[in-house]
Amino acid sequence: GRGRRREGGGVVARGAPGGPPARRHPTRTCVACRTARQKRELLRVVRTPAGEVVLDPTGKAPGRGAYVCADPACQEAAITKGALRRALAVPVPAELFGAAPAGGGPSHEPSIDHEGGS
């Protein structure tokens, strides 16, 4: 009846047996390719309260944020197709990802090195 207490509760998420419970990782969607990925795999672009558009490596900067894949093709598409502009509701500079920590950014003068030495 009414006086009895319920015994325990059900486990919602379970990790490895004997270990801590499984953690949920926040997911975000790339504005260019619309692929949902873990938040840490994406780059966050922020429109600051002052109206500037900057990359946010910490993921904690104040302002309106949008996420883009680390893939240079997605970064280019986000700017050329206007996905970032729509998400942030401000014009986005074309050189925004020039300093992005992506592996395949534009190369800086690699062909000049082999021309000068003989």
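If you're wondering where the values come from, they're calculated on a predicted model, not measured in any experiment. (Residues numbered from 1 in each chain as written. Predicted model: local features only at pLDDT ≥ 70, side-chain atom pairs only at ≥ 80, totals over all residues. Heavy atoms only, no water.)

Helix and strand counts for the chain come out as three helices and five strands. Here the chain holds 118 residues, and 25% of them are scored as buried. Taking as baseline every contact in the chain between residues at least 6 positions apart, the subset at least 24 positions apart corresponds to 41%. Of the roughly 9,000 Å² that the chain leaves accessible, carbon and sulfur atoms contribute 50%. (Helix = DSSP H or I, 4+ residues; strand = E, 2+ residues; numbered from the N terminus. Buried < 20%, exposed > 50% of the residue type's maximum accessible area, 1.4 Å probe, protein only. Contact = heavy atoms within 4.5 Å. Areas by Shrake-Rupley, 256 points an atom, 1.4 Å probe, with all protein chains shown as cover.)

Structurally, R44 is set in strand β3 (residues 42–47). For R44, a relative accessible area of 11% translates into the label buried.

Let us now look at the confidence of the model for the chain. Looking at the chain as a whole, its pLDDT mean stands at 81, while 69% of the residues score no less than 70. For the stretch residues 100–115, pLDDT sits under 50, and the model shows eight contacts to residues farther than four places along the chain or on other chains. (pLDDT = per-residue confidence, 0-100.)

This part takes up unusual backbone geometry. Keep in mind that most residues, glycine aside, have a negative phi and that most peptide bonds are trans. For R34, which is not glycine, the phi dihedral falls at a positive 60°. Mapped onto the elements of the fold, R34 is located in the loop between β1 (27–29) and β2 (36–38). Positive phi is not limited to glycine here, since A89 has a value of about 60°. Position of A89 relative to the elements: it lies in the loop between α2 (83–88) and α3 (110–116). On the basis of relative accessible area, A89 is assigned to the exposed category, the value being 59%.

By the definition in use, this model includes zero disulfides. Summary of cysteine pairing: C30 is not part of a disulfide, and the nearest cysteine sulfur, belonging to C69, is at 3.6 Å. On the basis of relative accessibility, which here comes to 0%, the residue C30 falls in the buried class. Its sulfur unpaired, C74 is 3.6 Å from the next cysteine sulfur, which belongs to C33. (Disulfide = S-S within 2.5 Å.)

One recurring pattern in soluble globular proteins: nonpolar side chains tend to sit buried together. Of all hydrophobic cores here, the largest spans 22 residues; its most connected members are V31, V45, V68, L84 and L88. If you list the elements that add at least two residues to this core, you get β3, β5 (64–69), α1 (72–80) and α2. When neighbours within four sequence positions are excluded, L88 is seen to be in contact with V45, R47, V53, R64, G65 and A66. (Core = buried A, V, L, I, M, F, W, Y, C linked by side-chain atoms within 4.5 Å.)

To continue, consider the environment of I79. Assignment of secondary structure puts I79 in helix α1. It is 6.6 Å that separates the C-alpha atoms of I79 and A94, two residues lying 15 residues apart in sequence. With sequence-adjacent residues up to four places away left out, I79 is seen in contact with L84, V92, P93, A94, L96 and F97.

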